[in-house]
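Close look at the chain arrangement
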Amino acid sequence: MSYRNLSINEITELEEQGCRCASWQHIWVAEDFTTDNIRNVRFDGEIRLGKNVRMENVGIVRTTDGATFGEDNLVSVKNEAGNGNVVIFSALTSQMAALMMLASEDKQLFSKLRKMVSDYVTAHRPPCTTIGNGVTITDCRELTNVAIGNDCELCGASRLIDCTLAPTPEASIYIGDDVIMENAVAQAGATIVDGARIYDTFVGEACHIGRGFTSENSLFFANSHMDNGEACAALCGPFSVSHHKASLLIGGEYSFYNAGSATNFSNHAYKMGPIHHGTMERGSKTASGAHILWPATIGAFSMVMGKIQTHPDTSLLPFSYVIGEGRRTYLVPGRNLCTVGTYRDVTKWPKRDKRPAGGRLSLITFDWLSPYVIERIKAGLQTLMEMQEEQGYDAEEYEGQGFHIKAAALQHGIDAYKLALRMYGNANTTSEWTDLLGLLTPTDALEQLKEDLNNIDITDIETLESRFKDIYESYEQWKGFSENEAVCEQAHEEWLKAIRRDAEREYEMGDVSEEQITEFINGIR
């Protein structure tokens, strides 16, 4: 878009409408700019205004020296005391953030990624505070060094300093009452409202931050929803949710995660400072009052209850209940496979993707019984059987890496994992798999990507994201095939029957109406 200086008449009109500026010649406007909706605004420094902009009662809009607009900003996630491992910018995706995390120990690779981001930011950075076409800004106190894309709305915000709002034509961004943002970037469809305080934070596509939530050095991607609580050094992949005032996400990696009330993570394990961190693998959740002492790794689709202080690694035992009892941690492997909660979670996520269908940046593989999970189930089944063999078939309980399993629970886990394998058809998967914050990826494809980056076969953000898209679109051909469809279907029906039984148990507790239980059971498929 081309910009021009204000005319003498336009300056006069703005001043008559209560606007002030020490140097009107530093205000640049779109060719068909109109002063009609600009009232009671103070400008300072060089500013660019688009067409159809409405601004009323704005304390100050300004540009200062050294403006970054929140981009090319290095933050430390997971390890709060680290040197920085993810660079925030307007085109950041969950898969890109995950790659930066993995590359943070490889100085050569990380420097290449950082240069690519810096080149992208330099090519797209505005020269000054810029307010796009169709933007509405009312009753805001301070906007310093902001790049606000088309059709965004800011209503009652307290302060935005060094921020970029990057909407798309299909999805704008809304910033609401009493919000403070510093060194922050928000993507299309984001809403930040109700006194939220975010610093050195990235808010991705269709994410919601509100009700006084505070965030520092944290990233939120694709449909994450945060209210009331706090986050620090949190890496939150797609569909991460926290609703409660006493919940603190700190030093962790999460995706498809739901925090129970008063959930707390501790990154001070001993006395070396806040250096410890951990991972809640995709689909995990915490019950009310859960407390996890990092470091720990909680396997996919697991439920954590109580205080966990033994630093367990349950990554090879997905769908487990992880229960803190005193100074011990007990595991019920596979228990969460056949629950109403898991069924509802895996069926609701695709339906709750609020991003416009076109132009989605973060790539999400919604498949829940995926090769990523199946390879862990295979390893978990082997682990449980080896425990029986090594620790005795008649043992009352078994000991793992930071956890104990009671004999009956171990046998239940073996049965649950065998059911899951039959549901998947004992498919022949290719390679090992990893989860790049929502994008399921064969590890050999990831290693090839890293090699191409180091060999300078990938030199810009656009090419890198194109390669991620190739991985995403190749998922179906890579995930393997079923050896016996009839076995698959029979196991799937067994699973559905188990879900129905779990729903009936909840109905028997008396809090679910007959109409609700009937509707749910009839909808299971």
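Keep in mind it's a predicted model, so treat the numbers as computed, not measured. (Residues numbered from 1 in each chain as written. Predicted model: local features only at pLDDT ≥ 70, side-chain atom pairs only at ≥ 80, totals over all residues. Heavy atoms only, no water.)

**Some details on a negative patch on the surface**
- Among the surface-exposed residues, E13, E15, E16 and D36 lie close enough to one another that they form a single negatively charged patch.
- Here E16 lies in helix α1 (residues 8-16). (Patch = residues over 30% accessible without salt bridge, like charges linked within 9 Å, V, L, I, M, F, W, Y side chains within 5 Å. Areas by Shrake-Rupley, 256 points an atom, 1.4 Å probe, with all protein chains shown as cover. Salt bridge = Lys/Arg side-chain N within 4 Å of Asp/Glu carboxyl O. Lys, Arg positive; Asp, Glu negative; His and termini not counted. Charge placed at Lys NZ, Arg CZ, Asp CG, Glu CD. Helix = DSSP H or I, 4+ residues; strand = E, 2+ residues; numbered from the N terminus.)

**Some details on unusual backbone geometry**
- Residue W294 is joined to P295 through a cis peptide bond whose omega torsion reads 0 degrees.
- In this fold, P295 is placed in the loop between β30 (291-293) and β31 (297-298).
- One non-glycine residue with positive phi stands out, namely A222, at about 30 degrees.
- When you line up the elements, A222 lands in the loop between β19 (214-220) and β20 (225-227).

**Concerning the side chain of T201**
- Among the structural elements, T201 can be located in strand β17 (residues 197-203).
- Judged by its relative accessible area of 0%, T201 falls in the buried class.
- A distance of 2.8 Å separates a polar side-chain atom of T201 from the backbone oxygen of Y199.
- Once residues within four sequence positions are removed from consideration, T201 is found in contact with I88, N183, A184, V185, S215, E216, N217, S218 and F220. (Buried < 20%, exposed > 50% of the residue type's maximum accessible area, 1.4 Å probe, protein only. Polar contact = N/O pair within 3.5 Å; in protein donor to acceptor, adjacent residues only side chain to side chain. Contact = heavy atoms within 4.5 Å.)

**With respect to the pattern of salt bridges**
- The tally for this structure, following the rule as stated, stands at 23 salt bridges.
- Across the pair E281 and R376 runs a salt bridge, and its minimum N-O distance is 3.7 Å. One end of the pair, E281, is in the loop between β28 (278-280) and β29 (285-286); the other, R376, is in helix α5 (residues 371-391), and 95 residues separate them in sequence. Residue E281 shares its accessibility class with R376, and that shared class is buried.
- With a closest N to O distance of 3.2 Å, E493 and R500 form a salt bridge.
- One network of salt bridges, in which partners are shared, links E205, D353, R355 and R360.

**Describing the nonpolar core**
- Residues F43 and M55 are the most contacted members of the largest nonpolar core, which totals 113 residues.
- Here this core takes 10 residues from helix α6 (residues 407-424), the largest share from any one element.
- For M55, the contacting residues outside a window of four places in its chain are N37, I38, R39, V41, F43, L49, V61, I131 and I137.
- Core analysis: the next-biggest nonpolar cluster, separate from the first, contains 38 residues, V86, F89, L109 and L437 among them. (Core = buried A, V, L, I, M, F, W, Y, C linked by side-chain atoms within 4.5 Å.)

**Overview of the pairing of strand β35 (residues 328-332)**
- Sheet topology places strand β34 (residues 321-325) next to β35; five bridges connect them, and they run antiparallel. Directly across from G324, in β35, lies its bridge partner T329.
- Connecting β34 to the next strand, β35, in antiparallel fashion are two residues, including G326 with a positive phi near 65 degrees. (Pairing = 2+ DSSP bridges.)

**Side note on the packing of helix α3 (residues 107-124) against helix α8 (residues 461-473)**
- Two elements in contact, α3 and α8, have axes separated by 9 Å at closest approach and are oriented at 120 degrees. When the axis of α3 is compared with that of α8, the two are oblique. Across the interface between the two elements, L113, M116, V117, Y120 and H124 from α3 touch I461, E462 and L464 from α8. (Axes fitted to C-alpha atoms, helices over the stretch in contact; angles between N-to-C directions. Parallel < 35°, antiparallel > 145°, perpendicular 65-115°, else oblique.)

Nothing here speaks to function; it is all geometry.
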